[in-house]
Amino acid sequence: MMHKLQKNRRMLQTAFFVLFVLAPILDIFRLDLHLGHFIILGQDWTLGLDEFQKGNMSAGEAAFNILIRVFIPLFLVVGVVIGTAWKFGRLYCGWLCPHFSVVEMINKLMFRASGKPSIWEKKPLPAKQPDASIISPDKKYWFLVFIAVACFSFLWAVTFLTYLLPPKEIYYNLFTGQLTRNQLIFISVGTFLLTIEFT
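Nothing here was measured: the structure is a model prediction, and the numbers come from that model.

Thresholds applied
Residues numbered from 1 in each chain as written. Predicted model: local features only at pLDDT ≥ 70, side-chain atom pairs only at ≥ 80, totals over all residues. Heavy atoms only, no water. Helix = DSSP H or I, 4+ residues; strand = E, 2+ residues; numbered from the N terminus. Expected span 1.5 Å × (residues − 1). Buried < 20%, exposed > 50% of the residue type's maximum accessible area, 1.4 Å probe, protein only. Arc of directions from axis to C-beta. Contact = heavy atoms within 4.5 Å. Pairing = 2+ DSSP bridges. Axes fitted to C-alpha atoms, helices over the stretch in contact; angles between N-to-C directions. Salt bridge = Lys/Arg side-chain N within 4 Å of Asp/Glu carboxyl O.

(A) Fine view of helix α8 (residues 181–198). With 18 residues, α8 ought to run about 26 Å at 1.5 Å a step, and its terminal C-alpha atoms sit 25 Å apart, in line with that. Taken residue by residue, α8 has Gln183, Ile187, Gly190, Thr191, Leu194 and Phe198 as its buried positions. What you see down the axis of α8 is that its buried residues fit within an arc of 105°, all on one side. Among the exposed residues of α8, those oriented more than 90 degrees off its buried face are Arg181, Asn182, Phe192 and Leu193. As for α8, its buried residues are in contact with α5 (98–114), α6 (141–162) and α7 (167–175).

Below is the structure:
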């Protein structure tokens, strides 16, 4: 039963990680800084204040637009998150969070390499696992740790940028070596910081 549960959890974590990477590409959710508004499910999500700025809308109508387009969706999302956490505990962190799934994988590789789940741990964990198997540290796994940390850090930095700028632009510039100065700085700094965090 536990083995099947863990297998289902891994599959769900993988699916949500793929969704995290593809969401901007498929216009499921992203903030387009060029356009100055969100894109949700392929639709432009603005505050609806263009007419107010032109003088064709009253202040009350503008306030109503902000209520409908900002505060109510925000309260709904917060309510769903809090309600889910209250009802199911740490469902998001353990089953859905793309960040936690990467950290969990890197921790396992690090444990195989050093006997510790992270470089910050002072003492190694017991070699005997809950299933009674024995896992002894093997330095050969350090290569996989470094590859995983570097690749996931870079992928996350690029993905974060596609949540802010059009994914086609970012991937085209990346694959043709034409990243702008700001894009290169964002990806480089993001990769560096995520490398520290994942390690």
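Let's pick the thread back up.
(B) How the structure looks around the sheet that holds strand β2 (residues 37–40). On the basis of which strands lie adjacent, the open sheet formed by three strands has the order β1-β2-β3 and antiparallel pairing. Because the sheet does not close on itself, it has two edges, and the strands there are β1 (29–32) and β3 (43–45). Ignoring strand direction, the axes of neighbouring strands in this sheet form an average angle of 30°. Summarising the sheet, β1 and β2 pair through four bridges and their orientation is antiparallel. By the bridge assignment, Leu31 is partnered in β2 with Phe38.

(C) Region of interest: unusual backbone geometry. With a phi angle near 55°, Asp27 is a residue other than glycine that sits in the positive phi range. Within the secondary structure layout, Asp27 lies in the loop between α1 (2–22) and β1. The class of Asp27 is partly exposed, set by a relative accessible area of 24%. Despite not being glycine, Leu41 shows a phi value in the positive range, around 50°.

(D) The arrangement of the environment of Val102 in detail. Here Val102 is to be found in helix α5. Owing to a relative accessible area of 3%, Val102 belongs among the buried residues under this scheme. Along the primary structure Val102 and Thr162 are separated by 60 residues, whereas in three dimensions their C-alpha atoms are 19 Å apart. Setting aside chain neighbours within four positions, we find Val102 in contact with Phe17, Phe152, Trp156 and Phe198.

(E) Representation of the pattern of salt bridges in the model. A full pass over the atoms with the stated rule returns five salt bridges. Between Arg9 and Glu104 there is a salt bridge; the shortest N-O distance is 2.8 Å. Here Glu104 lies in helix α5 and Arg9 lies in helix α1, a separation of 95 residues in the sequence. Residue classification places Glu104 among the buried residues on the basis of a relative accessible area of 13%.

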